[in-house]
Amino acid sequence: MIIVGGELTEDMLDVQFNSSTAEFIAPLQMKANGGVLVIDDLGRQRFLPQRLFDRWIVPLEQKVDYLNAGVEARFATPCDAVIVFSTNLEPTELADDAVLRRLGYKIELRPLSVDLYFRVWSSVCDEMHVAFEQSPAQLRADQNVSRL
């Protein structure tokens, strides 16, 4: 699993050459092959999200990426990573309808209600054999905090 956020730059998606070591460095999607590439906080990168999506059209649809290593070395490589984009921005602010249609799944996550949160927490405590105690006074205080 590779996770990047606001520090992601366009050149991180291309083969890089380290002149100090005379080595080529694989791009992020190649490092994530067979796993997951999470692009967190989409829209906070130093380049437009549309450019990122344009870069991913072929790899997402054809499962192949075309990379350059030097002036005359162009090659195809499998692109078999699950790409996850996460953001707190509206998807329509980041991409047009054509791009959004190409994304296989779009899942909106909202905060849990206080009741559901405590049911999940209680279940996890039961599973881990840890005592869970929630006093009514604490529950009321937590509900007031969640409304702020």
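Look up a bit, the structure's there.
The following refers to the structure shown. (Residues numbered from 1 in each chain as written. Predicted model: local features only at pLDDT ≥ 70, side-chain atom pairs only at ≥ 80, totals over all residues. Heavy atoms only, no water.)

**So, a nonpolar patch on the surface**
There is a patch of nonpolar side chains on the surface, built from Leu112, Leu116, Tyr117, Val120, Trp121, Val124, Met128 and Val130 and spanning about 720 Å² of accessible area. Checked against the element boundaries, tyrosine 117 lands in helix 5 (residues 114-127). Looking at tyrosine 117, the relative accessible area reads 42%, which means it is partly exposed. (Patch = residues over 30% accessible without salt bridge, like charges linked within 9 Å, V, L, I, M, F, W, Y side chains within 5 Å. Areas by Shrake-Rupley, 256 points an atom, 1.4 Å probe, with all protein chains shown as cover. Salt bridge = Lys/Arg side-chain N within 4 Å of Asp/Glu carboxyl O. Helix = DSSP H or I, 4+ residues; strand = E, 2+ residues; numbered from the N terminus. Buried < 20%, exposed > 50% of the residue type's maximum accessible area, 1.4 Å probe, protein only.)

**Things to note about the environment of isoleucine 3**
You can see isoleucine 3 is positioned in strand 1 (residues 2-4). For the pair isoleucine 3 and arginine 102, spaced 99 residues apart in sequence, the C-alpha to C-alpha distance is 21 Å.

**Some points on the packing of aromatic side chains**
The geometry of two aromatic rings is summed up by the distance between their centres and the angle between their planes. For the structure shown, the criterion picks out five aromatic pairs. Plain terms: the ring middles of phenylalanine 17 and phenylalanine 24 are 4.9 Å apart, the flat faces sit at 55° to each other, and that makes the pair tilted. Taken together, a centroid distance of 6.4 Å and an interplanar angle of 5° make the contact between tyrosine 117 and tryptophan 121 stacked. You can see tyrosine 117 and its partner tryptophan 121 sitting in helix 5, four residues apart, about one turn around the helix. Residue class for tryptophan 121 comes out partly exposed when judged on its relative accessible area of 42%. The rings of Tyr117, Phe118, Trp121 and Phe132 are connected pair by pair, giving a single aromatic cluster. (Phe/Tyr/Trp six-rings, centres within 6.5 Å; stacked < 30°, edge-to-face > 60°.)

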